[in-house]
Amino acid sequence: MKNMKKNEIKKHNHIVQKKDVFPKSPKELILFLFSWILIPLIFYKYYLIHQEGYNQSFNLSFLLIAFIFGCILLWNNLFLKKSLFIKRLVITLLSEIGLFSIICVTMSEGVEFSKVIGYSFSVLILLLEYLLILSIAFLSGKKILTIIGCNSNSLILDFLFSIGIGFGLLMFLTFGIGMAGFLYKGIIYFILIISLIILLIISHKKIKVTIQSIIQKTSTISSIDNFSLFLISLFVLVSFSCFIETTLPSASWDTIAYHLKIPADYISHHRIIPLIYNFNANTSHNMELLYTLAMLLKGPDLAQLLNLTTFVLSGIGVYCLCRKFTTSLISLLGMGIFFANGWAINILTTADIDMGLTFFFLFSILAFINYMEQKSIYWIILMGFYMGIALGIKYTGIFCFLSLFLCLFIYVVFEKGKKISLILYPAISLLLFLPWLVKNYYFTGNPVYPELFSIFGGINWSNVQSEQLTHFHKSIGMGRDFLNYLLLPWNITMHAGLDYKYFLGKATPLLLMFFPAFLFLNKERRYWYLAICSIAFFILWAYSFQNLRYLVPVFPLVSILCCLGLHRMYRIEKAFIHWGVLSYIAMLLIIIVTVKEGGEYIKKVPEHLTCLIGKESTEDYLSKNIQPYKMFNYINKELPVSSKLLFVWENRGFYCNREYVADLIYEASWIIPFIYNMENPDKLLNKLKSMEITHLLYNQTLGNVFRPSFSAPQQNQDFILSMKILEEFLGKYTRLIYQDNGVLLFEIYEPKK
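Residues numbered from 1 in each chain as written. Predicted model: local features only at pLDDT ≥ 70, side-chain atom pairs only at ≥ 80, totals over all residues. Heavy atoms only, no water.

J.: Explanation requested: the pairing of strand E4 (residues 734–740) in the structure shown.
T.: Each regular strand carries side chains that alternate between the two faces of the sheet. In this structure, E4 lies alongside strand E5 (residues 743–748), joined through six bridges in antiparallel fashion. Bridged to Tyr738 within E5 is Leu745. Counted between consecutive antiparallel strands, the loop separating E4 from E5 contains two residues, among which Asn741 sits at a positive phi close to 55°. (Pairing = 2+ DSSP bridges. Helix = DSSP H or I, 4+ residues; strand = E, 2+ residues; numbered from the N terminus.)

Written out as structure tokens, the structure reads:
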């Protein structure tokens with residue numbers, strides 16, 4: 001027992017190994033002190049700008065977290081002190097979730113017993129469907145890993161790699177079934193259950209060995225320090241809060257405009273069909289295929305849970321990569337830096353796609369690192385597989401592809417890597433992306449629709465719209481001059497907000513505070529490839545779309561670098577000062593930001609439970625969060641099933657059960673030039689009749705919001721003429737039949753002559 005404890009102490013404190021001892025040079029001391037002047041100043045400046053948000057978040061969430069953790073600490077030290085580590089951890093986390101649930105239920109308004117039973121049963125079904133998908137993904141992915149002989153020497157990493165492969169296989173399965181026209185619930189269930197049975201039969205021995213290995217490894221861990229326990233408890237608490245939010249009806253704009261709308265249209269037609277007026281349906285959308293599978297099995301809540309899963313698994317991947325180089329505690333801090341920034345972006349509990357892209361990009365990087373360590377070409381195949389999936393999620397995956405290719409190129413040229421990898425990696429990536437190029441070309445005439453329109457052309461698009469879209473993307477951010485490019489890291493930290501001028505997102509100060517610390521790292525090449533990849537991605541992002549959400553894929557890499565830099569600074573401090581006080585201050589700052597961002601989710605749980613098990617109905621919740629929801633309710637109840645609508649200044653049609661056409665990008669509208677080209681109301685009427693449009697939905701509120709988007713002189717003139725034609729058309733050929741909350745519904749008719 002004593003020997004085991006000694007080994008644990010050695011492993012945990014490998015930071016003091018002889019080979020890592022620092023020369024106490026004045027240069028290092030100056031760098032170190034400069035960093036520690038900079039880090040508190042950055043945090044203080046950030047707090048001054050955002051102090052109102054911090055104060056509001058800490059009012060409830062901080063007290064709740066402190067109370068729950070205090071109870072857990074008491075429980076741990078009084079009743080579980082002599083238990084095995086894994087038993088202590090599981091009981092502790094389950095107790096935490098139970099206590100948190102009881103507190104939140106008591107804080108919810110109008111809790112009804114019947115709704116509690118119904119919600120519990122719904123969650124049980126959701127978890128069973130989720131486990132079905134996860135089991136098939138893991139078992140199929142693990143089988144592929146075994147066949148090609150890839151072994152990461154880590155049970156957790158092997159699990160993560162397997163899940164990534166499995167998700168990719170499920171995407172391609174859905175694509176094949178969808179193109180063949182067999183998107184039926186019964187067929188999907190049959191395929192998945194048969195697949196699960198076969199995988200269990202052929203893998204049962206491997207599963208048994210894996211379980212025994214897990215038991216053996218966890219039984220050797222004797223204890224966990226209270227600081228690590230707090231971090232793990234916080235991550236679990238926020239993840240549980242996010243899980244509660246995923247069970248709410250979908251209300252996020254992008255989700256109900258296309259990420260769930262595209263799967264819903266595919267399911268209603270039982271196949272992948274051309275959706276001419278849905279811009280995103282004509283691009284690559286691997287994550288939407290996974291959501292199609294989820295919606296066939298259960299519904300939007302399962303799709304949202306899968307998106308949350310990619311985030312949590314990415315966080316665990318960050319921990320595993322940090323753990324290769326540093327202690328468990330500092331690895332948890334690196335995980336905390338990533339989680340804090342992910343929570344701040346606020347795209348975790350909806351069926352978004354950026355976290356899916358982040359997940360596959362991160363595991364491409366992990367495969368690359370394993371290739372450098374093991375020199376096996378099979379890791380390049382796996383790297384290409386993950387990157388091919390990333391390219392098929394959204395076009396900005398090209399940034400991931402190019403950044404990683406640059407790292408691979410440098411490795412091959414300067415470290416004598418296998419030259420075949422420079423061909424194999426792009427070949428596999430593009431091969432997996434090829435089905436989308438073929439599908440897009442078949443449906444639109446443009447393989448990368450709507451990009452490169454001047455070369456390939458494409459339906460329902462124009463050069464003018466391409467220019468407008470480019471202008472819109474370049475308008476995001478605080479400027480494109482040389483000084484603003486230099487200030488981008490500062491600006492996206494201090495000034496980010498939910499506005500075009502402020503990068504359409506939200507960031508924490510942690511990345512800016514600790515990223516420069518990677519300059520302290522030694523010459524270990526794996527660190528520097530992460531830095532090269534991160535910087536290359538950032539440059540591509542800066543020169544294209546300065547939307548903070550598009551920067552999310554690089555967050556795991558920067559979080560890892562921050563973690564490793566913090567580890568190095570701790571060792572420098574121990575070498576110079578022998579106190580470690582500043583490093584504890586750094587940990588405290590990370591905890592403060594993590595609690596603040598996670599607290600945003602925690603404090604909303606009672607409100608969410610009020611809808612799920614309390615007095616607030618689903619209709620009330622959706623009406624509160626989606627401006628035109630009551631209008632959609634009216635349309636679903638009152639309009640004939642054969643009705644077809646034209647949406648003007650509206651596109652959130654997931655809850656509209658009638659066929660419609662709409663703009664997907666207001667800043668590059670097809671409806672405005674469409675109306676302009678009609679020249680007069682009579683031609684517009686004839687065109688709408690030929691399209692079988694029976695009604696027109698007009699969102700006045702959004703029209704007033706997006707009117708400034710058409711500020712260029714010619715564009716503004718076209719807009720004015722288009723609106724004039726539309727107003728004349730509405731007065732001459734329509735009658736108003738319903739209006740609510742700034743949304744108007746017109747019936748189109750031709751008056752008797």
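J.: Could you clarify how one ought to interpret unusual backbone geometry in this entry?
T.: Where the residue is not glycine, phi is negative for most of them; where a peptide bond is considered, it is trans in most cases. Backbone torsion omega between Tyr449 and Pro450 reads -5°, so that peptide bond is classified as cis. Its place among the elements puts Pro450 in the loop between helix H16 (421–444) and helix H17 (453–456). Even without being a glycine, Glu692 presents a positive backbone phi close to 65°. By the secondary structure assignment, Glu692 is in the loop between helix H29 (681–690) and strand E3 (695–699). For Glu692, a relative accessible area of 57% puts it in the exposed group. Look at Asn741: it is not a glycine, yet its phi comes out positive at around 55°. Within the secondary structure layout, Asn741 lies in the loop between E4 and E5. (Buried < 20%, exposed > 50% of the residue type's maximum accessible area, 1.4 Å probe, protein only.)

J.: Please explain the pattern of salt bridges as it appears in this structure.
T.: Once their charged atoms are close, side chains differing in charge can pair, the charge on each being opposite to the other. Under the criterion given, the structure shown has 18 salt bridges. We note a salt bridge from Glu607 to Lys624, for which the minimum N-O separation is 4.0 Å. With Glu607 in helix H25 (residues 605–612) and Lys624 in helix H26 (residues 618–625), the pair connects residues that are 17 residues apart, well separated along the chain. Look at Glu607 and you get partly exposed, because its relative accessible area is 43%. Across the pair Lys683 and Glu679 runs a salt bridge whose closest N-O atoms are separated by 2.9 Å. Assessed through its relative accessible area of 40%, Lys683 is described here as partly exposed. One network of salt bridges, with partners in common, ties together Asp254, Asp352, Asp354, Lys394 and Arg549. (Salt bridge = Lys/Arg side-chain N within 4 Å of Asp/Glu carboxyl O.)

Taken by themselves, the reported measurements are silent on function.
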